[in-house]
Amino acid sequence: MTDRDPSLRAVLDGTDVVGKKWHPAVVYSLVSNGPAGFSDLERRLDISSKVLSETLADLVDDGLIERNELQTSPLRVEYTPTTAGHELASILGDLGRWTERYHDNETPVVLVVDDDARLTELYTSMLSEFEVRTANDGTEGLSKVDETVDVVLLDRKMPDVSGEHVAQCIAAEYPSIRVALLASARLDEQTLSVPFDRYVRKPVTATELTETVEALLTPRSEVVRKYLSVVAKMAAFHGDTSVEAYRDLEERRESLSHELNDPKGVAAEAGLVSKE
């Protein structure tokens, strides 16, 4: 390689950081799950103390994390990601999504539940890169939900068994499945308490639908997922913000934000708020 390849040299320099097994894992954990002490990181990552100690020292030297002494006697240290660490975590998230799309042996499974057969057919064509299963009413949708499903796209209003009821059943029995409610109407007060991850207004484009599924497939900690669900509901709601259900969401958002290092950055990365 010659000096005429500056971009390639930069890529190779970057692989020196992310090419080490535990370096990207530590940075991503600190951004996704928040700052942590040495013992907390050991438990999170199931890593030996020797390897973790060396990794943390390298990352501090590289300017990706900071070591903060919270108290001296007894010594209590906390590690936090720097701005560069946050940017690297965003890149790692993209890398993870790329790996899931092109290198995982199993194609993600999306279950589409809508009483309009034309829409289930349309959504299936829009999501050609995924394994799409369909159901044309809530009862059939529930019968097709199992541990192999990754994402469920639910028509909110269906006769007999509504999408809201299906979402509640999924949350109770398969809490790891991500759920998006699709509806032509705006989100109302009664639906704020329904467990779902995204609210998508119909009609929806292929890009919007694909981006929604990809966002829901992105690996996230449980705290981050709960926080993003709350933010998504608040963003989709355009009613009276003084109602009790909305105030409850505000309280949950505030509580969950304290468990995250950069809640606004997390919401922006997920596409729920604008990046400032």
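Quick notes on the rules
- Residues numbered from 1 in each chain as written.
- Predicted model: local features only at pLDDT ≥ 70, side-chain atom pairs only at ≥ 80, totals over all residues.
- Heavy atoms only, no water.
- Helix = DSSP H or I, 4+ residues; strand = E, 2+ residues; numbered from the N terminus.
- Buried < 20%, exposed > 50% of the residue type's maximum accessible area, 1.4 Å probe, protein only.
- Contact = heavy atoms within 4.5 Å.
- Polar contact = N/O pair within 3.5 Å; in protein donor to acceptor, adjacent residues only side chain to side chain.
- Patch = residues over 30% accessible without salt bridge, like charges linked within 9 Å, V, L, I, M, F, W, Y side chains within 5 Å.
- Areas by Shrake-Rupley, 256 points an atom, 1.4 Å probe, with all protein chains shown as cover.
- Salt bridge = Lys/Arg side-chain N within 4 Å of Asp/Glu carboxyl O.
- Lys, Arg positive; Asp, Glu negative; His and termini not counted.
- Charge placed at Lys NZ, Arg CZ, Asp CG, Glu CD.
- Pairing = 2+ DSSP bridges.
- Right-handed = clockwise from strand over helix to strand, strands pointing away.
- Domains from an automatic or database assignment.
- Buried area = accessible area lost by both parts, 1.4 Å probe.
- Core = buried A, V, L, I, M, F, W, Y, C linked by side-chain atoms within 4.5 Å.

Asker: Would you explain unusual backbone geometry in this entry?
Answerer: Excluding glycine, residues mostly carry a negative phi; peptide bonds, for their part, are mostly trans. Of note, the bond from serine 73 into proline 74 is cis; its omega dihedral lies within 30 degrees of zero at -5°. Structurally, proline 74 can be placed in the loop between β1 (65-72) and β2 (75-81). Following lysine 202, the chain continues to proline 203 via a peptide bond in cis, the omega torsion being -5°. In this structure, proline 203 sits in the loop between β7 (198-201) and α9 (206-217). Of note in the backbone geometry, aspartate 46 takes a positive phi value of approximately 55° without being a glycine. Classification of aspartate 46 as exposed rests on a relative accessible area of 69%. The phi dihedral of aspartate 160 falls on the positive side, at around 75°, and the residue is not glycine.

Asker: In this structure, what is going on with the environment of threonine 120? I would like to understand it.
Answerer: The residue threonine 120 is located in helix α6 (residues 117-126) in this model. Taking C-alpha positions, threonine 120 is 14 Å from alanine 180, a pair spaced 60 residues apart along the chain. Among residues more than four places away in sequence, those in contact with threonine 120 are Val112, Asp114, Thr134, Ala135 and Asn136. Within the structure, threonine 120 has its side chain in polar contact with the backbone oxygen of alanine 117 (distance 2.8 Å).

Asker: Just checking my understanding: could you explain a negative patch on the surface for this structure?
Answerer: On the surface, Glu189, Asp240, Glu244, Asp248, Glu250 and Glu251 cluster together into a patch of negative charge. Examined against the element boundaries, aspartate 248 turns out to sit in helix α11 (residues 244-257). In this structure aspartate 248 comes out as partly exposed when scored by relative accessible area, which is 36%.

Asker: Help me out: how do you make sense of the pairing of strand β4 (residues 131-135) in this one?
Answerer: Successive residues of a regular strand alternate their side chains across the two faces of the sheet. Looking at chain direction, strand β3 (residues 109-113) and β4 are connected through five bridges and run parallel. Counted as the bridge partner of valine 110 is valine 132 from β4. Considered for its hand, the β-α-β crossover made up of β3, α6 and β4 is right-handed.

Asker: Sorry, what's going on with the domain arrangement of the chain here?
Answerer: Size of an interface, as often reported, equals the accessible area lost when the parts are brought together. With domains assigned, the chain is organised as domain 1 (6-102), domain 2 (107-215) and domain 3 (220-275). Using C-alpha coordinates to define each centre, domain 1 is positioned 25 Å away from domain 3. The partner domain 3 presents seven residues to the seven residues of domain 1 that form the contact. Together domain 1 and domain 3 conceal approximately 560 Å² of surface at their shared face, both sides included; 43% is due to carbon and sulfur atoms. The three residues of domain 1 that bury the most area against domain 3 are Ser32, Asn33 and His86, which together make up 49% of that side's buried surface. One can count zero salt bridges joining domain 1 with domain 3. Of all the secondary structure elements, the ones that give two or more residues to the side of domain 1 that touches domain 3 are α2 (22-33) and α5 (83-102).

Asker: Could you clarify how one ought to interpret the nonpolar core in this entry?
Answerer: Taken as a class, soluble globular proteins show a tendency for nonpolar side chains to be buried jointly. Residues Val152, Leu154, Ile170, Ile177, Val179 and Leu228 are the most contacted members of the largest nonpolar core, which totals 41 residues. Those elements giving two or more residues to this core turn out to be β3, β5 (151-155), α8 (163-173), β6 (178-183), α10 (222-236), α11 and α12 (263-269). Of all the elements, α10 adds the most residues to this core, at eight residues. Counting residues domain by domain, this core receives three or more from each of domain 2 (107-215) and domain 3 (220-275).

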